[in-house]
Amino acid sequence: MSSTAPAPPRSPMAAHRSPMAAPRSFLWARRIFLTLLTGFVLLPVYVMVSSSLKPLQDVSGTFRWLPSGLTIRPYIDIWSTVPLADYFVNSVIVAGAATVCSVVIAVFAAYAVSRYRFRGKRVFTVTVLSTQMFPGILFLLPLFLIYVNIGNATGIALFGSRGGLILTYLTFSLPFSIWMLIGYFDSVPRDLDEAALVDGCGPLGALFRVVVPAAIPGIVAVAVYAFMTAWGEVLFASVMTNDTTRTLAVGLQGYATQTEVYWNQVMAASLVVSVPVVAGFLLLQRYLVAGLTAGAVK
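Just so you know, these numbers come straight off a predicted model, no measurement behind them.

Cut-offs applied
- Residues numbered from 1 in each chain as written.
- Predicted model: local features only at pLDDT ≥ 70, side-chain atom pairs only at ≥ 80, totals over all residues.
- Heavy atoms only, no water.
- Phe/Tyr/Trp six-rings, centres within 6.5 Å; stacked < 30°, edge-to-face > 60°.
- Helix = DSSP H or I, 4+ residues; strand = E, 2+ residues; numbered from the N terminus.
- Lys NZ or Arg CZ within 6 Å of the ring centre and 35° of its normal.
- Core = buried A, V, L, I, M, F, W, Y, C linked by side-chain atoms within 4.5 Å.
- Buried < 20%, exposed > 50% of the residue type's maximum accessible area, 1.4 Å probe, protein only.
- Contact = heavy atoms within 4.5 Å.

A closer look at the packing of aromatic side chains
For the structure shown, the criterion picks out 10 aromatic pairs. For the pair tyrosine 111 and phenylalanine 185, a centre-to-centre distance of 6.4 Å together with 80° between the ring planes defines the contact as edge-to-face. Here tyrosine 111, found in helix H5 (residues 84-115), pairs with phenylalanine 185, found in helix H8 (residues 162-187); they are 74 residues apart in sequence, far enough to count as distant. Between phenylalanine 176 and tyrosine 225 the ring centres are 4.4 Å apart and the planes differ by 45°, which places this aromatic pair in the tilted class. Taken as a pair, phenylalanine 176 in helix H8 and tyrosine 225 in helix H11 (residues 216-231) lie far apart in primary sequence, 49 residues in all. A connected cluster of aromatic rings, assembled from ring pairs, spans Phe88, Phe227 and Trp231. Over the ring of tryptophan 28 we find arginine 31, and its NZ or CZ is 4.9 Å from the ring centre.

Written as structure tokens, this is what we have:
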């Protein structure tokens, strides 16, 4: 009777290792890459935070990774060096109004394209999407001339006003918002609309009672995109505004004088400006990811 030698014992790591698992070299390479990427992303944040807590003489000199002293004075001085509160109000009004208008118009336009057949439907969708191919700077001079001519002809002051800046930001956010909501509304079953119509709802009733609640993630994604576009835009805000309607993105230039730049206050103001966008993104992150995914994949 022949005897077979027992198999060598397997290590606990090998026993739990799946045959489809990635090799160890790949796992270590991924860890190293993610560590380097995290450091690359967090390094500017550390420089910004540490510089905002330094006195001006420390920021103006040779950069030191470990500050010799910390102060919150820059966070107090940012409100008096420039009228940052007025710029903050202007940005909130412009970005909020642009977001609301973009969402409302995009919902109606996307619902019409998604649910109805009409002549020129394909031309409309292609035109909306094709506007994203052109850089925004191409529209700067035409919009400037249009606003000036409208003001001279009708007396409606679009140039240098919040209303003109809101209309400007709509030209950027609306095409993408409509295009993304069309894809999201297409993913909502039409049976829901038909059931609402059978229950006595009209087209608008079906839209607001059935389609919009089912499309909340997509609508939130559109709102976040429109708000972020208007909040941090610099080029058009620097041309289309004046001293009373200036926004935060342009107002940060006020910390630079002819003789010096208040770098500690610039960093402190930049952090304050970033708080609303970062907080909103963290609160609406799950809706944003779901909306972008559903709008992109049908």
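Looking at the nonpolar core
Ranked by internal contacts, the top residues of the largest apolar core, which has 28 residues, are Leu84, Tyr169, Met240 and Tyr255. Elements supplying a minimum of two residues to this core: H5, helix H7 (140-154), H8, H11, helix H12 (235-240), helix H13 (248-251) and helix H14 (263-283). Beyond its immediate sequence surroundings of up to four residues, methionine 240 is in contact with Leu140, Leu143, Phe144, Tyr147, Phe159, Gly160, Ser161 and Leu165. Ranked by size, the runner-up nonpolar core spans 27 residues in total, among them Val103, Val107, Tyr111 and Leu174.

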